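Chain by chain, the residues run as shown.
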Amino acid sequence: RGHVLGGATWTILGQKADIYLTPVGDARSAQRALWTLTGPPAILPKYAFGFLASRWGWKDEQDIDEVLSTFRDGEFPIDAWISDFEWYTRKPDYDLPDQGWSNFTDFGYNPVTFPDPIGQLQRYHDHFGVKFGGIRKPRLGNSQLLDFARDRDWLIPAGGQADGGNRNLNYSIPAVRTWYQSQMRHYLQDGVDFWWNDEGESTYFTTYYWTVAEADLLHSENADKRFFAINRDYTPGMQRYGAAVWTGDQTESWEALQRHPAYLLSWQQAGVGFVTCDTGGFRGGGETPELLVRWYQLSTFMSIMRVHSTKTEVPHFPWLWGAEAEVAMRKAMNLRYRFIPMLYSLAHHQYTSFEAMFHPLLYFWPEDPHAQVATDQWFVGRHLMVAPMLSVFPPWRQVYLPPGLWHHFNPGTAAIQGPHTLTLNDVPLDHIPMYVMAGGVVPMAPIVQRTGDLPGGPLMVRVYAGADGEFQLVEDDGETLGYQRGEVRRTLLVWHDANSTLTWSVSGNFSDGNCFTALKVLVCRQDGGTQDSPVLDLGRGGSYTFPPEPALPTTSSTSPGPTTTPPPLAPPKPTATGILVRVGSGDLSYGVELAVAGPLSFRLSVAYDDSEEGAIDTPMIQPLQDHAKFEVVRPSEEEAGIRTEFGYLVINMRSGFFKMEDSKGKPLVTSRTLSEYSAGTITVALGRGNQTAQPAAFFPDPQGVGDSLESIRATATVRNKFFEVPHYWTTDGYSAFCVGTVGHNPEQPNQYTVSWLRGHVLGGATWTILGQKADIYLTPVGDARSAQRALWTLTGPPAILPKYAFGF
């Protein structure tokens, strides 16, 4: 159902395979059906929800101690550190021959980094309050052990792209798992806490059986301890052991950062319960302070927050990237720890109700075309939506707010009625755009330096007014499998909006020093003001009613963050949201949507596609500051055949009238009038060959048919208003960018030239039109170079300066 998201091919090595097909109605049901079949994700130990510091390149014992001391002394919260190869062997095994090396250490310690393994691990636990996880490879490097394994036919033949050649163990053999456990057991007895399993792609099920071996080993040592491992690959079923996944060896780039929201949601849709990444990227030399800060902010809202980098890069630790970045990264880390009560509770919900911790927007608005394709913002639970900054150029982003009433996470700004798209400008380096639906109940902890310091004070409960809502806080010992036996404490927090009352009730008999005993409530009102309660005893239940709102709102001193487009403060009076129209047939079809975001704001998108199931929407752009009527004119039949690469055009007005006519003037569809303002008319004709000057630098047609490219000309008649040329999306997923310059025309003195650039969104611009009308030329081009050449083709090349101007 819905869009085809992709495909896959499996090679079946055996004689047969069972394939399970589950009919479901939507993506959310599909994910839950998968866990019903293969088991829900086990809950990780609580320390795994804190900050994990990893790198390849720990120098020695002193280096480890200095880094951990800096975390603690600098008040950078941390719960665990992780080491690459250098913890158990002196040299990586990538260059080993098939027969291995006689002096390679597979199951020991590197005396440079771990000269006193048991003493060091105890010191890390007791003095620094951190856990330790070490990398493991699924193969052997020691020549004697390799001979031992080959004699028993325990190795997987080399093939595919798996590292290690023919040195990989076949963990599907029970005897291999038993032997492997005998070699690894001393690590657990010495104090190693968890594993980082890398490069297990030798077969589809290698990492699954590798996980089984490690989990069985742990439970043979301590039957009640939770298993935790981070893996580079996944097969269904691993999640029920406590196996997490990381997104692989990513480059240090904005492009890699931008892919990660979709990675998080896609891995989860595939059945993974906990996803992490190499925050900052693993390699590539492209790290900057701002990129690392933005990556920290994204990772704050992943299942596991973990940094990592290769040995040739500057470690991704906060204090190594300048004072401003250090402050911003510490702020993100503190925010992560404040959200641990919520994240940990969501992990419990995930285990008991098969409701994932994170959600794409399409889970809740499956028919909303914006929600269907949104991959750069996501839900944490049911009410909190995060939209971190994912680019440096342009220094802004858009955030789509689906239908409903939305609060900024930080109070101080009035709530916004959706559907609405915000354009965020000048987002401060230390700010993460976050929004909460009305009725959201968000539990937060005080700032602590490790999960073992929780609760650290009263539970801070934020309530976002405007609707009823609830959240169930779940607490347990954070270490054992007692939660599987029902040894938990559940606190149901319920907000009653009509009488401004929060009630809570506690169930379950579990209790220890890590449970909250008090709470404090902050209500965020629709006007941006706040009210807070005194500290209240949690007990076994209670309630608190807030007095009526004061006439003048109490504005929070918390900064609301970046500047945004001023939203309508009242709920929308019109009800004409989601009008969808298709016109035409065959190769020429149209989709039109009129969505009302407020009493004086709506958007119109016109999309062309050659299939009935094509995409028909664009992100909402800034409304123009006009009051006007406008119309969209259908191209004549001879202008048919619009290419889908250049299929989107968006016009935004504050209010107006909308209609579509065919080439003979016959009305096709007409909306009701939203306003009687009629300051001018914008007519947009989409077609071929109606451009005044054909630039020589057109983007070449992929099929070599140069005449198949289209141009767009828009003529706007306004009265001393601002006309904004927005950026918008093309049908193939690229974003377009409008650049403009003033052209001279004696008959039309206010003439503007605009080039349409495929590729990254580089920015935007606003023109003030002094006359009564202006011509805007839109030229489809393939890249920035072509855009620049097209501009000069239309407006003339630069004259050559006198030679002295090239001197100093």
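Residues numbered from 1 in each chain as written. Predicted model: local features only at pLDDT ≥ 70, side-chain atom pairs only at ≥ 80, totals over all residues. Heavy atoms only, no water.

> Please explain the overall build of the protein as it appears in this structure.
A count of helices and strands for the protein gives 12 helices and 37 strands. Taking the intrachain contacts of the protein between residues at least 6 apart in sequence as the baseline, contacts between residues at least 24 apart amount to 71%. Surface exposure of the protein reaches about 33400 Å², of which carbon and sulfur atoms provide 53%. (Helix = DSSP H or I, 4+ residues; strand = E, 2+ residues; numbered from the N terminus. Contact = heavy atoms within 4.5 Å. Areas by Shrake-Rupley, 256 points an atom, 1.4 Å probe, with all protein chains shown as cover.)

> Looking at this structure, how should I read the confidence of the model for the protein?
Keep in mind that low pLDDT regions are not for reading the predicted coordinates in detail. Looking at the protein, pLDDT values average 76 and 69% of them are 70 or higher. Note that pLDDT drops below 50 for residues 748–767; the model gives that stretch 100 contacts with residues more than four away or on any other chain. (pLDDT = per-residue confidence, 0-100.)

> When you look at helix α5 (residues 174–190) in this model, what are you seeing that I'm missing?
Residues spaced three or four apart along an α-helix point in a common direction, a consequence of the helix completing one turn every 3.6 residues. The end-to-end C-alpha distance of α5 is 25 Å, a good match for the 24 Å that 17 residues give at a rise of 1.5 Å each. Of all the bends in α5, the greatest, near 40°, is centred on Gln183. Among all positions in α5, only Val176, Arg177, Trp179, Tyr180, Gln181, Met184, Tyr187, Leu188 and Asp190 are buried. Contacts from the buried residues of α5 go to α3 (117–126), β3 (131–136), α4 (143–151), β4 (194–197) and α6 (206–221). Just downstream of α5, Gly191 is the residue with a positive phi angle, here 125°. (Expected span 1.5 Å × (residues − 1). Bend = angle between axes of the 7 residues up to and from the residue. Buried < 20%, exposed > 50% of the residue type's maximum accessible area, 1.4 Å probe, protein only.)

> What's the story with the layout of surface pockets in this structure? I'm lost.
Over the atoms, a rolling probe the size of a water molecule traces out where space has been left empty. Looking at the second largest pocket, its volume works out to about 440 Å³. In this structure, the second largest pocket is lined by 22 residues; those nearest its centre are Tyr47, Lys131, Thr451, Gly478 and Glu479. Of the residues contributing to the lining of the second largest pocket, the split by class is three nonpolar, eight polar and 11 charged. (1 Å grid on protein atoms, 1.4 Å probe; cavity = no way out; pocket = protein on both sides within 12 Å on 5 of 7 lines; lining within 4 Å. Points joined across faces, edges and corners; volume = space filled by probe spheres on them. Nonpolar A, V, L, I, M, F, W, Y, C, P; charged D, E, K, R; others polar.)

> How should the pattern of salt bridges be read in this particular structure?
Side-chain pairs of opposite charge can arise whenever the charged atoms involved come near each other. Under the definition given, this model contains 23 salt bridges. The salt bridge partner of Asp477 is Arg226, with a shortest N-O separation of 3.7 Å. Taken as a pair, Asp477 in the loop between β17 (469–475) and β18 (489–496) and Arg226 in the loop between α6 and β5 (229–231) lie far apart in primary sequence, 251 residues in all. Looking at Arg226, the relative accessible area reads 3%, which means it is buried. Several salt bridges converge on common partners, so that one network encompasses Asp93, Lys137, Arg139, Arg167, Asp198, Glu199, Glu201, Arg232 and Asp249. (Salt bridge = Lys/Arg side-chain N within 4 Å of Asp/Glu carboxyl O.)

> Explanation requested: unusual backbone geometry in the structure shown.
Excluding glycine, a negative phi dihedral is what most residues carry, and trans is how most peptide bonds are arranged. The residue after Gly418, namely Pro419, is reached through a cis peptide bond having omega 10°. By the secondary structure assignment, Pro419 is in strand β13 (residues 416–425). Note that the residue after Leu454, namely Pro455, is joined by a cis bond; omega there is 10°. You will see that Glu75, though not glycine, has its phi angle at about 55°, which is positive. With respect to the helices, strands and loops of the structure, Glu75 is situated in the loop between α2 (61–73) and β2 (80–83).

> Just checking my understanding: could you explain the side chain of Gln417 for this structure?
With respect to the secondary-structure elements, Gln417 resides in strand β13. A polar contact is formed between the side chain of Gln417 and the backbone oxygen of Gly404, at a distance of 3.3 Å. (Polar contact = N/O pair within 3.5 Å; in protein donor to acceptor, adjacent residues only side chain to side chain.)

> Quick question: what am I supposed to make of a nonpolar patch on the surface here?
Residues Ile800, Leu801 and Phe806 make up a contiguous nonpolar surface patch of about 410 Å² in total accessible area. With respect to the element layout, Ile800 can be found in the segment after α12 (784–795). Overall, the relative accessible area of 77% leaves Ile800 in the exposed class. (Patch = residues over 30% accessible without salt bridge, like charges linked within 9 Å, V, L, I, M, F, W, Y side chains within 5 Å.)

> Teacher, can you tell me more about the pairing of strand β6 (residues 243–246) here?
Note on strand geometry: in a regular strand, side chains alternate between the two faces of the sheet. Both faces of β6 are covered, namely the face carrying Ala243 and Val245 and the face carrying Ala244 and Trp246. Two strands pair when backbone bridges link them, and β5 and β6 are joined in this way by three bridges, in the parallel orientation. Residue Ile230 lies in a different strand from β6, and its bridge partner there is Ala244. Across two bridges, the pairing between β6 and strand β7 (residues 275–276) is parallel. Bridge pairing in β7 links Val245 to Val275. As for the winding sense of the linkage, the β-α-β connection from β6 through helix α7 (residues 254–269) to β7 is right-handed. (Pairing = 2+ DSSP bridges. Right-handed = clockwise from strand over helix to strand, strands pointing away.)

> Where do I start with the sheet that holds β7 in this structure?
Consider a sheet: its strands pair through backbone hydrogen bonds, and that pairing is either parallel or antiparallel. The eight strands are arranged β7-β6-β5-β4-β3-β2-β1-β8 in an open sheet whose pairing can be described as parallel. Of all strands in the sheet, those bounded by a partner on one side alone are β7 and β8 (305–307). In the sheet, β3 pairs with β4 via four bridges, with the strands oriented parallel. Its bridge partner lying in β4, Arg136 is registered against Asn197.

> I tried to follow empty space enclosed by the protein on my own but got confused; where do I start?
Tallied over the entire structure, the rule returns 10 cavities of 30 Å³ or more. For the second largest cavity, the calculated volume is near 80 Å³. Lining the second largest cavity we find Lys46, Ile340, Pro341, Tyr344, Leu454, Leu473, Val474, Glu475, Asn514 and Phe516.

> Teacher, can you tell me more about the environment of His186 here?
The topology assignment puts His186 in helix α5. Relative accessible area serves as the criterion here: at 25%, His186 is assigned to the partly exposed category. As a C-alpha pair, His186 and Gly108 span 78 residues in sequence and 9.3 Å in three-dimensional space. For His186, the contacting residues outside a window of four places in its chain are Phe107 and Tyr109. From its side chain, His186 meets the backbone oxygen of Phe107 in a polar contact 2.9 Å long.

> I keep staring at the environment of Phe128 and nothing clicks. Help me out?
By the secondary structure assignment, Phe128 is in the loop between α3 and β3. Along the backbone, Phe128 and Ile78 are 50 residues apart, and their C-alpha atoms lie at a distance of 9.3 Å. Filtering out sequence-adjacent residues up to four positions away, Phe128 remains in contact with Asp65, Leu68, Ser69, Arg72 and Arg123.

> What is the right way to look at the packing of aromatic side chains in this model?
The description of two aromatic rings rests on the distance between their centres and on the angle between their planes. Per the stated rule, a full pass over the model turns up 55 aromatic pairs. Between Trp87 and Tyr187 the ring centres are 4.8 Å apart and the planes differ by 50°, which places this aromatic pair in the tilted class. With Trp87 in the loop between β2 and α3 and Tyr187 in helix α5, this pair connects stretches of sequence that are 100 residues apart. With respect to class, Trp87 is no different from Tyr187; both count as buried. Cation over ring: Arg306 sits above Trp246, and NZ or CZ is 5.6 Å from the ring centre. Just above the ring of Phe409 sits the side chain of Arg462; from NZ or CZ to the centre is 4.4 Å. (Phe/Tyr/Trp six-rings, centres within 6.5 Å; stacked < 30°, edge-to-face > 60°. Lys NZ or Arg CZ within 6 Å of the ring centre and 35° of its normal.)

> What should I look at first to understand the packing of α5 against α6 in this one?
To describe two helices that pack against each other, one gives the angle between their axes and the distance between the axes. Look at α5 against α6: their axes get within 9 Å of each other, and the N-to-C directions meet at 50°. In terms of axis orientation, α5 runs oblique to α6. At the point where α5 passes α6, the crossing takes the right-handed sense. Between α5 and α6, the residues in contact are Arg177, Tyr180, Gln181, Met184, Arg185, Leu188 and Gln189 and Tyr209, Trp210, Val212, Ala213, Glu214, Asp216, Leu217, Leu218, Ser220 and Glu221, respectively. Classifying every residue of the contact of α5 with α6 by side-chain character gives nine nonpolar, three polar and five charged. (Axes fitted to C-alpha atoms, helices over the stretch in contact; angles between N-to-C directions. Parallel < 35°, antiparallel > 145°, perpendicular 65-115°, else oblique. Left-handed = near helix turned anticlockwise from the far one by under 90°.)

> I keep staring at the sheet that holds strand β12 (residues 396–408) and nothing clicks. Help me out?
The six strands lie next to each other as β9-β10-β11-β14-β12-β13, forming an open sheet whose pairing is antiparallel. Looking at the sheet topology across the chains shown, the edges are occupied by β9 (358–359) and β13. Two strands pair when backbone bridges link them, and β9 and strand β10 (residues 378–380) are joined in this way by two bridges, in the antiparallel orientation. When the bridges of β10 are listed, His359 appears paired with Phe379.

> Can you walk me through the side chain of Thr423 in this structure?
Positionally, Thr423 belongs in strand β13. Reaching out from Thr423, the side chain makes a polar contact with the side chain of Gln398 at a distance of 3.4 Å.

> Mind showing me how you'd approach the environment of Asp249 here?
In this structure, Asp249 sits in the loop between β6 and α7. Among the residues examined, Asp249 registers a relative accessible area of 31% and is labelled partly exposed. Taking the C-alpha atoms as reference, Asp249 lies 5.4 Å from Phe282; in sequence the two are 33 residues apart. The contact partners of Asp249, leaving out residues within four places of it in the chain, are Arg232, Asp278, Phe282 and Arg283. Within the local environment of Asp249, its side chain forms a polar contact with the side chain of Arg232, the two groups lying 3.5 Å apart.

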